[in-house]
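If you want the building blocks of each chain, they are given just below.
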Number of protein chains: 2
Amino acid sequence: MPGGLSTDLYELTMAAGYHAAGRMPRASFELFVRALPPTRGYLVAAGLEQALEYLGSWRFTAEDVAYLRTVPALAGAGPAFFDEYLSRLRFTGDVWAVDEGVPVFAGEPLLRVTAPLAEAQLVETALLSTVLFQTMIASKAARVVEAAEGRAVIEFGGRRAHGAEAAMLAARAACLAGFQATSNLDAGRRFGLPVAGTMAHSWVLAQPDEPTAFRRFLDLHGPRSTLLIDTYDPLAAARSIVEAGLRPGAVRLDSGDLGPLSRAVRATLDAGGCAGTQILASGDLDEHRIAGLVGSGAPIDGFGVGTAVSTSWDAPSLSGVYKLVEIERDGAMTPLTKHSPGKTNLPGAKQVWRTGPPDAAAGDVIGLPDEAAAGRPLLRPVMRQGERIAAGAAVAELQAACRVAVGGLPASVRTRRDPASYPVAVSPGLERLASSLTGASAAVPFSPIGR
Amino acid sequence: MPGGLSTDLYELTMAAGYHAAGRMPRASFELFVRALPPTRGYLVAAGLEQALEYLGSWRFTAEDVAYLRTVPALAGAGPAFFDEYLSRLRFTGDVWAVDEGVPVFAGEPLLRVTAPLAEAQLVETALLSTVLFQTMIASKAARVVEAAEGRAVIEFGGRRAHGAEAAMLAARAACLAGFQATSNLDAGRRFGLPVAGTMAHSWVLAQPDEPTAFRRFLDLHGPRSTLLIDTYDPLAAARSIVEAGLRPGAVRLDSGDLGPLSRAVRATLDAGGCAGTQILASGDLDEHRIAGLVGSGAPIDGFGVGTAVSTSWDAPSLSGVYKLVEIERDGAMTPLTKHSPGKTNLPGAKQVWRTGPPDAAAGDVIGLPDEAAAGRPLLRPVMRQGERIAAGAAVAELQAACRVAVGGLPASVRTRRDPASYPVAVSPGLERLASSLTGASAAVPFSPIGR
């Protein structure tokens, strides 16, 4: 869980400046992804639960403040900034957000924070890493789930995740997007996720021989447990299983050419009376390899997917930003935007409307919150004056909603290769506001609409 | 910090099996990377400090054990496994490891754990994610440091890291490999790293105008602070700085075509009496873009590097594994290996010797620990019976050693594009052992030697 210091130094230098200026204006920041990775047709929003937990517990401990007093770049900040301000700081703002599991697109705010300027500023770094990471993982995982066409997919990627916290959160995001289970026990406990897993090659190696390894495992964990059969020769292992009269619930293949190998193993199992034994496959799988296996009719009943999901290996970051979009001036919220070369943002607080029949998505409109727009608004209030409005849903519930929502996207957007751009339009009111603020720069296209 | 449950379920099912079998043999596992990513000529070992902290504090809390009792896959384990074994478990093993900051190559053990079998097994997942993550980041960061050719590089990537813990550890690994500072305060505090950072675009947007934003910042944080000048028009901002008679320590550019822009800004600053004001650049930089800017003579004094380093974006995972290499049988350690198709490993406990003059590396030999080999051994004992042998070094100290060691690699291996394979040989003794164990499979080349 991130804390007060899970942030960049410049957030503190700015906060010191805002504090020194006296009365703190309220401001809104929006978190959005500038552009989708080329291999993604859609993103799946995730990480809101952890973002809200972070905001709810956010503070600078006495140790944090003592450290900050030693930072040379903060030497100009007066004692009141440390003792009166930082030490007592709590998050008192409002948050609007898109529900976890909902597909989102470039330029669409996933989160809007409205709070006294320094508060909203200081939480930038941790909100970004929290929301972007799980969104990235859920977006990758959704593709894997689609590729498996209903077969089970299990998250195995903890060992290659970017540390233990990332392993746990990746498991959550993968399950949110449709994975049936994870091997990660931390995630299983914290989020109530189903956990799965049986044995590694080391179990087999550590026993006198493979048949003994299998028998001992089934004796302890039940005759329907899963056996890993590729420590030596998978076909020989399958034969030894049927010859010993075992009836494992499944066998797992973790290497080799999984298509032909699964066929040969299936034939051996079927011929030996093990028609009820499933075949699971793992080993550097991703959505493309799974789609290839499924498409070729490989008799594989479930897939263990590791690194590809836990690191989103083909797109290991999202171009997510958290931008100041409005600030209180003379008592009123005033929309803002920067217009650095090539990085113009849409100004003002925004809402996203999704059009199309219920459970489907035909196109989105990004507009001003009070514009009358067709469609269902995606952002809803989730925190008011620092208090959560409602408890988070269980991952299983988010997963069910996610599967429906992803299923409602246009097939061209969901396709695994070269997905089409989902239509995202800017409302007339927002377009007018943007043009009025950027003046001569209005000719610069507003990144990022569409992909 | 990972805990007892930061692991995969199958480690527990196996541990239950080892426990049920009665006396627990000792076993050794080695952690190594199967193959280098195509864009890496070398890796930089990192993460050992956190790995040893994890082992030192490793336990299953009462809550952990209570959860594990509810896991269906562990229903076969008896009460003694939970109450007598897991509840009291501490890491009692020995660890040999390569020092942090030392260049390593495919197939070379970074870590060897020798412990009662279940202990060594249960820590697999967290050791892998801990050591692989920082090793991956340090390896990327070393390339960025080389590309900057002595100019300062600062780690800015927390917001795109895979969560707050990953942000903190990425900052550590980047500094270990030669980054001068990080913007991440959590890392600054925990690891004593220099922290850097000044203002974001939001600071400028939140003020009445840019000149006021600059003046207020310098008033508070000192006249030599750094100003971000690309919120609107960087050249206009540079002109306004000199016209106002300001003398900031540096200006930062975060967008645009950094080569021509830095030249124009430099000219404006120099003409206006700001020859002492440095130019910093940031914005989706990596080693290739930095090398391009440095090579073209762009007058940039330092680089802020974010996502490319904090996610190792071109190689966001390492093919690292943790393999059982020997087990106690009849009172003696017996070497082992699996030989799944394409995944044969070298058996037995190993040592790595590095040849060449001091501070240089001409080639490595992977051999048996007691073989007489030329060169300096890279693995040394760091933990004995669960106790650390020596405290970890400060990051600054590791950084200095790392820079020397990377500088001693052949230039062809250090080159940014298409690095050559560093020579890694297998000793005659290890070769004989491997052939004797794999028998007919000995023709399969032992992955992974070389790249």
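Residues numbered from 1 in each chain as written. Chains lettered and ligands numbered in written order. Predicted model: local features only at pLDDT ≥ 70, side-chain atom pairs only at ≥ 80, totals over all residues.

Considerations on the overall build of chain A
- From N to C terminus, chain A includes 17 helices and 19 strands.
- Expressed as lengths along the three principal axes of its C-alpha atoms, the size of chain A is roughly 85 × 50 × 35 Å.
- Looking at chain A as a whole, 57% of its 451 residues are labelled buried.
- The contacts in chain A between residues at least 6 apart in sequence include a share of 73% that link residues at least 24 apart. (Helix = DSSP H or I, 4+ residues; strand = E, 2+ residues; numbered from the N terminus. Buried ≥ 20, exposed ≤ 12 C-beta atoms within 10 Å, placed from the backbone. Contact = placed C-beta atoms within 7 Å.)

Some words on the confidence of the model for chain A
Residues and elements named next belong to chain A.
- For chain A, per-residue confidence averages 94 on the pLDDT scale, and residues scoring 70 or more make up 96% of the total.
- Here residues 440–451 is modelled with pLDDT under 50, and outside its nearest four sequence neighbours on either side it reaches 27 contacts, counting other chains as well.
- Here the predicted complex carries an ipTM of 0.96, next to a pTM of 0.96. (pLDDT = per-residue confidence, 0-100.)

Considerations on the nonpolar core
- Within the largest apolar cluster, 306 residues are counted, with the highest numbers of intra-cluster contacts made by Ala141(A), Ala177(A), Ala141(B) and Ala177(B).
- Of all the elements, helix H6 (residues 124–148) of chain A adds the most residues to this core, at 15 residues.
- Not counting chain neighbours up to four residues away, the residues in contact with Ala177(B) comprise Val44(B), Ala138(B), Ala141(B), Ala142(B), Val145(B) and Cys402(B). (Core = buried A, V, L, I, M, F, W, Y, C linked by C-beta atoms within 7 Å.)

A few points about the environment of Gly78(A)
Residues and elements named next belong to chain A.
- Within the secondary structure, Gly78 sits in the loop between helix H3 (62–69) and helix H4 (79–85).
- The partly exposed category is assigned to Gly78, around which 13 C-beta atoms lie within 10 Å.
- Remark: the alpha-carbon pair of Gly78 and Ala20, spanning 58 residues in sequence, is separated by 8.1 Å.

A look at the pairing of strand S11 (residues 302–305) of chain A
Residue and element names in this part refer to chain A.
- By the alternation rule, side chains of S11 split into Gly302 and Gly304 and Phe303 and Val305, which are all buried.
- In this structure, strand S6 (residues 152–155) lies alongside S11, joined through four bridges in parallel fashion. Of the residues in S11, the one forming a bridge with Ile154 is Gly304.
- By the bridge criterion, two bridges tie strand S10 (residues 278–281) to S11 in an arrangement that is parallel. By the bridge assignment, Ala281 is partnered in S11 with Phe303.
- This β-α-β element, S10 to helix H13 (residues 287–295) to S11, shows right-handed connectivity. (Pairing = 2+ DSSP bridges. Right-handed = clockwise from strand over helix to strand, strands pointing away.)

Focus on the interface of chain A and chain B
- Taken residue by residue, the interface counts 78 residues in chain A and 77 residues in chain B.
- Secondary-structure elements contributing two or more residues to the side of chain A that touches chain B are helix H1 (9–20), helix H5 (117–122), H6, helix H7 (164–176), helix H8 (185–191), helix H9 (201–206), helix H10 (210–221) and strand S12 (320–329) of chain A.
- Here the side of chain A that touches chain B is built from residues that sort into 38 nonpolar, 29 polar and eleven charged. (Nonpolar A, V, L, I, M, F, W, Y, C, P; charged D, E, K, R; others polar.)

A word on the relation of the copies chain A and chain B
- Least-squares fitting of chain A to chain B yields an RMSD of 0.0 Å, with the transformation described by 0.0 Å of translation along the axis and a rotation of 180°. The operation mapping one copy onto its partner corresponds to a two-fold rotation axis.
- With an isologous cut-off of 70% or more, the 99% of interface residues of chain A that recur at the interface of chain B puts this contact in the isologous class. (Least-squares fit on C-alpha atoms with pLDDT ≥ 70 in both.)

Details of unusual backbone geometry
- You will see that Asp330(A), though not glycine, has its phi angle at about 50°, which is positive.
- Its place among the elements puts Asp330(A) in the loop between S12 and strand S13 (332–335).

What about the sheet that holds S6(A)?
- The strand order across the open sheet formed by six strands is S7-S6-S11-S10-S9-S8 (chain A), and the pairing between neighbours is parallel. Both outer strands of the open sheet, strand S7 (181–182) and strand S8 (226–228) of chain A, are each paired with one neighbouring strand and no more.

With respect to the sheet that holds strand S18 (residues 387–388) of chain A
Residue and element names in this part refer to chain A.
- Spatially, seven strands are ordered S13-S12-S1-S5-S3-S17-S18 in an open sheet, and the strand pairing comes out antiparallel. The outermost strands of the open sheet, each flanked by one partner alone, are S13 and S18.
- Bridge count for strand S3 (residues 94–98) against strand S5 (residues 111–116) is four bridges, and the pairing is antiparallel. Across the sheet, residue Trp96 finds its bridge partner in S5, namely Arg112.
- Against the sheet, helix H2 (residues 48–57) contacts S3, S5, strand S17 (379–384) and S18, and its axis sits at roughly 25° relative to S17.
- Along the sheet, H6 makes contact with strand S1 (26–33), S5 and S12, crossing S12 at roughly 135°. (Axes fitted to C-alpha atoms, helices over the stretch in contact; angles between N-to-C directions.)

Let's talk about the packing of helix H11 (residues 234–243) of chain A against helix H12 (residues 258–271) of chain A
Residues and elements named next belong to chain A.
- Between H11 and H12, the least distance of the axes is 9 Å, while the angle of their chain directions is 15°. Taken as axis vectors, H11 and H12 run roughly parallel relative to one another. Relative to H12, the crossing made by H11 is right-handed. Here Pro234, Leu235, Ala238, Arg239 and Val242 of H11 lie close against H12, whose contacting residues are Leu261, Ala264, Val265, Thr268 and Leu269.
- Residue composition of the contact of H11 with H12, by class: eight nonpolar, one polar and one charged. (Parallel < 35°, antiparallel > 145°, perpendicular 65-115°, else oblique. Left-handed = near helix turned anticlockwise from the far one by under 90°.)

Observations regarding the domain arrangement of chain A
Residues and elements named next belong to chain A.
- Assigned domains of chain A: these are domain 1 (9–122 + 319–443) and domain 2 (147–310).
- A separation of 39 Å is found between the C-alpha centroids of domain 1 and domain 2.
- The interface of domain 1 with domain 2 comprises twelve residues on the first partner and 14 residues on the second.
- The leading source of residues in the side of domain 1 that touches domain 2 is helix H15 (residues 395–407), at five residues.
- Partitioned by chemical class, the residues of the side of domain 1 that touches domain 2 number six nonpolar, three polar and three charged. (Domains from an automatic or database assignment.)

Focus on the packing of H10(A) against helix H1 (residues 9–20) of chain B
- Running from N to C, H10(A) and H1(B) point in directions that differ by 100°, and their axes come no closer than 10 Å. With respect to H1(B), the axis of H10(A) lies roughly perpendicular. Two secondary-structure elements touch here, H10(A) through Arg216(A), Phe217(A), Leu220(A) and His221(A) and H1(B) through Thr13(B), Ala16(B), Gly17(B) and Ala20(B).
- Residues of the contact of H10(A) with H1(B), tallied by class, amount to four nonpolar, three polar and one charged.

Comments concerning helix H13 (residues 287–295) of chain B
Residues and elements named next belong to chain B.
- Three or more residues of H13 are buried, namely Glu287, Ile290 and Leu293. Looking down the long axis of H13, one finds its buried residues gathered within 125° of arc, a one-sided arrangement.
- Tucked inside the fold, the buried residues of H13 contact helix H6 (124–147), helix H12 (258–271), strand S10 (278–281) and strand S11 (302–305).
- Within two residues after H13, Gly297 carries a phi angle of roughly 80°, on the positive side. (Arc of directions from axis to C-beta.)

Observations regarding the environment of Gly375(A)
All names here are of chain A.
- Within the secondary structure, Gly375 is located in the loop between strand S15 (363–367) and strand S16 (376–377).
- A tally of 17 C-beta atoms within 10 Å means that Gly375 is categorised as partly exposed.
- In this structure Gly375 touches Trp353, Arg354, Thr355 and Val365, once residues within four positions along its chain are discounted.

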